[in-house]
Amino acid sequence: MDNEEFLDKIKRAYLMEEEMAGELIDFCQPKALPEDLPENDRRRIEGILTGIKADTLRHKKILSDIRGSLS
């Protein structure tokens with residue numbers, strides 16, 4: 001794989017992470033979960049979503065740093 005192809009893959013991965021982060025941020029809002037969800041389930045789901053959101057934002061930062069160092 002040459003540099004141009006690698007940079008293209010990094011750019012596309014970054015855009016995917018950016019899209020996922022936006023969706024997760026919206027989905028993690030308290031109003032996004034059903035109102036009749038039991039509190040224990042709500043806390044468990046919110047914890048899982050928060051972890052996924054944090055990972056996605058971390059991945060986005062890593063890809064951004066790679067793009068910056070290669071540009």
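Residues numbered from 1 in each chain as written. Predicted model: local features only at pLDDT ≥ 70, side-chain atom pairs only at ≥ 80, totals over all residues. Heavy atoms only, no water.

**Focus on the side chain of Thr56**
Next up, step 1: On the secondary structure map, Thr56 appears in helix α2 (residues 39–70).
Next up, step 2: Looking at Thr56, the relative accessible area reads 3%, which means it is buried.
Next up, step 3: Beyond its immediate sequence surroundings of up to four residues, Thr56 is in contact with Glu17, Met20, Ala21 and Leu24. (Helix = DSSP H or I, 4+ residues; strand = E, 2+ residues; numbered from the N terminus. Buried < 20%, exposed > 50% of the residue type's maximum accessible area, 1.4 Å probe, protein only. Contact = heavy atoms within 4.5 Å.)

**A word on the pattern of salt bridges**
Pairing between side chains of opposite charge can happen when the charged atoms of each approach one another.
Next up, step 1: Counting across every chain of the model gives 6 salt bridges.
Next up, step 2: Here Asp41 ties to Arg44 by a salt bridge, and the two come within 4.0 Å at their closest N and O atoms. In this pair, Asp41 and Arg44 both sit in helix α2, 3 residues apart, roughly one turn of the helix.
Next up, step 3: Notably, a salt bridge pairs Asp55 with Arg58, separated by 3.3 Å at the nearest N-O pair. Residue Asp55 and its partner Arg58 are located together in helix α2, separated by 3 residues, close to a single helical turn. (Salt bridge = Lys/Arg side-chain N within 4 Å of Asp/Glu carboxyl O.)

**Some details on the packing of aromatic side chains**
Next up, step 1: Tallied over the full model, the rule gives 0 aromatic pairs.
Next up, step 2: Just above the ring of Tyr14 sits the side chain of Arg67; from NZ or CZ to the centre is 4.9 Å. (Phe/Tyr/Trp six-rings, centres within 6.5 Å; stacked < 30°, edge-to-face > 60°. Lys NZ or Arg CZ within 6 Å of the ring centre and 35° of its normal.)

**Some remarks on the packing of helix α1 (residues 3–27) against α2**
Helix-helix packing is described using two parameters, namely the angle between the two axes and the distance between the axes.
Next up, step 1: Relative to each other, α1 and α2 sit at 150 degrees, their axes nearing to 9 Å. The pairing of α1 with α2 is recorded here as roughly antiparallel in orientation. In this structure, α1 meets α2 at a crossing whose hand is left-handed. (Axes fitted to C-alpha atoms, helices over the stretch in contact; angles between N-to-C directions. Parallel < 35°, antiparallel > 145°, perpendicular 65-115°, else oblique. Left-handed = near helix turned anticlockwise from the far one by under 90°.)

**Some remarks on a nonpolar patch on the surface**
Next up, step 1: Nonpolar side chains collect at one region of the surface, where Met1, Phe6 and Leu70 lie side by side and expose about 310 Å² of accessible area between them.
Next up, step 2: For Leu70, the location among the structural elements is in helix α2. (Patch = residues over 30% accessible without salt bridge, like charges linked within 9 Å, V, L, I, M, F, W, Y side chains within 5 Å. Areas by Shrake-Rupley, 256 points an atom, 1.4 Å probe, with all protein chains shown as cover.)

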